[in-house]
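Observations on the three-dimensional arrangement
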Amino acid sequence: MTSLVQSVDWLTIAPPTLTAAVALVVLVADLFVPEERKQLLGWTAIGGLTAALALLLPLRSGDRQTFCLTADTRVQACSYTADHFTLVIQLLVLAGALLTALLSLDATRERLPAGEYWFLLLSSAAGAALLPASRDLATLVVALEVASLPAFALVGLKRGDRMSGEAALKFFLSSVTATAVTLLGVSFVYAATGTLHLTEIAQRLDDVPGQLQTLAEAGVALTLVGFAFKTAAVPFHFWVPDTYVGAPLPVAAYLSVVGKAVGFTGLVLVTVVAFPSYADVWGPALAVLAALTMTAGNVAALRQVPTRAWSAVRLLAWSSVAQAGYLLVPIAAAAYSSDDQIGATVAYALMYAVVNLGAFAVVALVARAHPENRIADYRGLYAASPATALALGFFLLNLAGLPPGIIGLFAKVTVFSAAVDAGLGWLAVVMGVNVVIALYYYLRWTALLFRAPEGAPVTHKAPVPVTLAIVLTATAGAVLSGYPQFALHFAATTLF
């Protein structure tokens, strides 16, 4: 009997596989490593993530795939594809997890259980790295849950902290709801098409029998709603601010970048690859969600009181909701023009990942001296630590899209252009208004860094790993700003 599955191409699946293997090694090693040497687990995790990143180099041609059906089919159906889209998202996910690991070394030594933390972080990163390569709905959902389930535990890992437990519960309930809705949608799509492979679904949705048309439409709609939860799009965003505040700061940084990349990657795959024939349904829906999400996020960020406890983290949380709205724009535009618009989302996501992780690194540093992390605590930061203040100012200006953060400006231009090219002029206007709103709260925070301190400046002693995270993100942002055509290149490149 002929096998329906090819032999496994181990090099193609190496990055997520190695990450998962290192997670198991850390979990077992935790049983034998004495308490005073638990830091070795953190450095093992960092080494594993670095090796996983290195394994992307042999795959850079973007032409490998595995777990493919060998039976005669009208289209090539593979469950795992390492194309350029996959590699770029895996780079974002693994680099984001690596920077999170650097931020976490100090926290695991002082407050968090090291073994459990590193196992959960690596497990989530493995799922997040698997997801962009997934080309069937079963693998996609499994990868989504492997990325999400450890994140619940990471959020609630501050034992005895009421806010951490509440944040984990809210995150868990919202994600479980999203998963249930997604699975219901997937089951409807499978019932209507008889396949789980995305390329075959795209083909068969064009020929769905009339009596199954309603079932297919309901499946498409429910699948999109499930991923809207994962991306924190309005009105499915309610869990974000409390989750970020209650979680350990490195975990909040991880969720803001890697967690968001997971949701958007899944959304891109189901819309552009699996459901192109229903673009007239998901295109307008995503355009409206984009407008609502960026507006709600920016207005809520604008209302943050600088003297309120944890206002700095809350502002970054609401800012991440607004950024999710910008990321939705090119996906919506792809329904009206071409798949190339997805490149604008990828370019924006890369810029956002670099500068947002940098901002969280500075916030984690300031939190050592100011545990309540109010925006007001950043007043006079330049007097106490000029390099740290300049780095945070650079990150905030990038998020706002202002010089010297040229890459932030160019990333916003690519998203704006995607909307205009697709004929979504009204969405481009909404985005322009929201960019102006965001300027106020980003500039207000930036200006506070350089004001005279109210008392004696507080020196912020940075641990070496946190300093390294800030330096790496600031350097990456500066390099990208020196080559802003990077964003335009992605926006004009076919990634699939």
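Here the structure is a predicted model, which means the values were calculated and not measured.

What follows is about the state of the cysteines. Overall, the coordinates contain one disulfide when judged by the stated rule. Between the sulfur of C68 and that of C78 lies a disulfide, 1.8 Å long from S to S. Across the S-S bond linking C68 and C78, the dihedral sits near 105°, which makes this disulfide right-handed. Here C68 is found in strand β1 (residues 64-68), whereas its partner C78 is found in strand β2 (residues 78-82), with 10 residues between them in sequence.

This next bit is on the confidence of the model for the protein chain. Residues at a pLDDT of 70 or more form 94% of the protein chain, whose mean pLDDT is 86. Ranking the elements of the protein chain by mean pLDDT puts helix α19 (residues 485-491) last, at 69, and helix α1 (residues 14-29) first, at 94.

Each pair of packed helices can be described by the angle between their axes along with the distance between the axes. Between helix α2 (residues 39-54) and helix α4 (residues 114-130), whose axes approach to 9 Å, the crossing angle comes to 15°. Relative to α4, α2 is oriented roughly parallel. Where α2 crosses over α4, the two elements pack in a sense that is right-handed. Between α2, through L41, G42, A45 and L49, and α4, the contact on the second element is made entirely by A114, G115, W118, L122 and A125.

Next up on the list: the nonpolar core. Inside soluble globular proteins, nonpolar side chains tend to come together where they are buried. Of all hydrophobic cores here, the largest spans 180 residues; its most connected members are W118, F275, Y378, L392 and W445. Ranked by residues supplied to this core, first place goes to helix α13 (residues 342-367) with 21 residues. In contact with W118, not counting residues within four places along its chain, are V26, L41, G42, A45, A101, S104, L105 and T108.

In this fold, V273 is placed in helix α10 (residues 249-274). A C-alpha to C-alpha distance of 6.8 Å links V273 and A202, two positions 71 residues apart in sequence.

Turning next to a nonpolar patch on the surface. Together, L24, L27, V28, L31 and F32 give the surface a local cluster of nonpolar side chains, amounting to about 550 Å² of exposed area. Residue placement: L24 occurs in helix α1. On the accessibility criterion, L24 (52% relative accessible area) is exposed.

Where helix α3 (residues 84-110) contacts α10, the two axes come as close as 9 Å, and the packing angle between them is 165°. Judged by the angle between their axes, α3 and α10 are roughly antiparallel. Seen from above, α3 lies across α10 with left-handed handedness. Of α10, the residues touching α3 (which contributes F85, I89, L92, V93, G96, A97, T100, L103 and S104) are P250, A253, Y254, V257, V258, A261, T265, V268 and L269. A class-by-class count of the residues in the contact of α3 with α10 yields 14 nonpolar, four polar and no charged.

Below, the discussion takes up the packing of aromatic side chains. Using the criterion set out here, one finds 11 aromatic pairs in the structure. Judged by centre distance (6.0 Å) and plane angle (65°), the rings of Y326 and Y348 are edge-to-face. One end of the pair, Y326, is in helix α12 (residues 311-334); the other, Y348, is in helix α13, and 22 residues separate them in sequence. A single burial state applies to Y326 and to Y348, both of which are buried. Between Y382 and F450 the ring centres are 5.4 Å apart and the planes differ by 45°, which places this aromatic pair in the tilted class. Taken together, the residues Y382 in helix α14 (residues 381-384) and F450 in the loop between α17 (425-449) and α18 (464-482) connect sequence positions 68 residues apart. Residue F450 is classed as partly exposed on the basis of its relative accessible area, which comes to 42%. In this structure an aromatic cluster arises from ring pairing among F152, F171, F172 and W239.

Let's shift gears to the environment of V272. Note on placement: V272 falls in helix α10. The class for V272 is buried, based on a relative accessible area of 6%. Taking the C-alpha atoms as reference points, V272 and I342, separated by 70 residues in sequence, lie 8.6 Å from one another.

Criteria and thresholds
- Residues numbered from 1 in each chain as written.
- Predicted model: local features only at pLDDT ≥ 70, side-chain atom pairs only at ≥ 80, totals over all residues.
- Heavy atoms only, no water.
- Disulfide = S-S within 2.5 Å.
- Helix = DSSP H or I, 4+ residues; strand = E, 2+ residues; numbered from the N terminus.
- pLDDT = per-residue confidence, 0-100.
- Axes fitted to C-alpha atoms, helices over the stretch in contact; angles between N-to-C directions.
- Parallel < 35°, antiparallel > 145°, perpendicular 65-115°, else oblique.
- Left-handed = near helix turned anticlockwise from the far one by under 90°.
- Contact = heavy atoms within 4.5 Å.
- Core = buried A, V, L, I, M, F, W, Y, C linked by side-chain atoms within 4.5 Å.
- Buried < 20%, exposed > 50% of the residue type's maximum accessible area, 1.4 Å probe, protein only.
- Patch = residues over 30% accessible without salt bridge, like charges linked within 9 Å, V, L, I, M, F, W, Y side chains within 5 Å.
- Areas by Shrake-Rupley, 256 points an atom, 1.4 Å probe, with all protein chains shown as cover.
- Salt bridge = Lys/Arg side-chain N within 4 Å of Asp/Glu carboxyl O.
- Nonpolar A, V, L, I, M, F, W, Y, C, P; charged D, E, K, R; others polar.
- Phe/Tyr/Trp six-rings, centres within 6.5 Å; stacked < 30°, edge-to-face > 60°.

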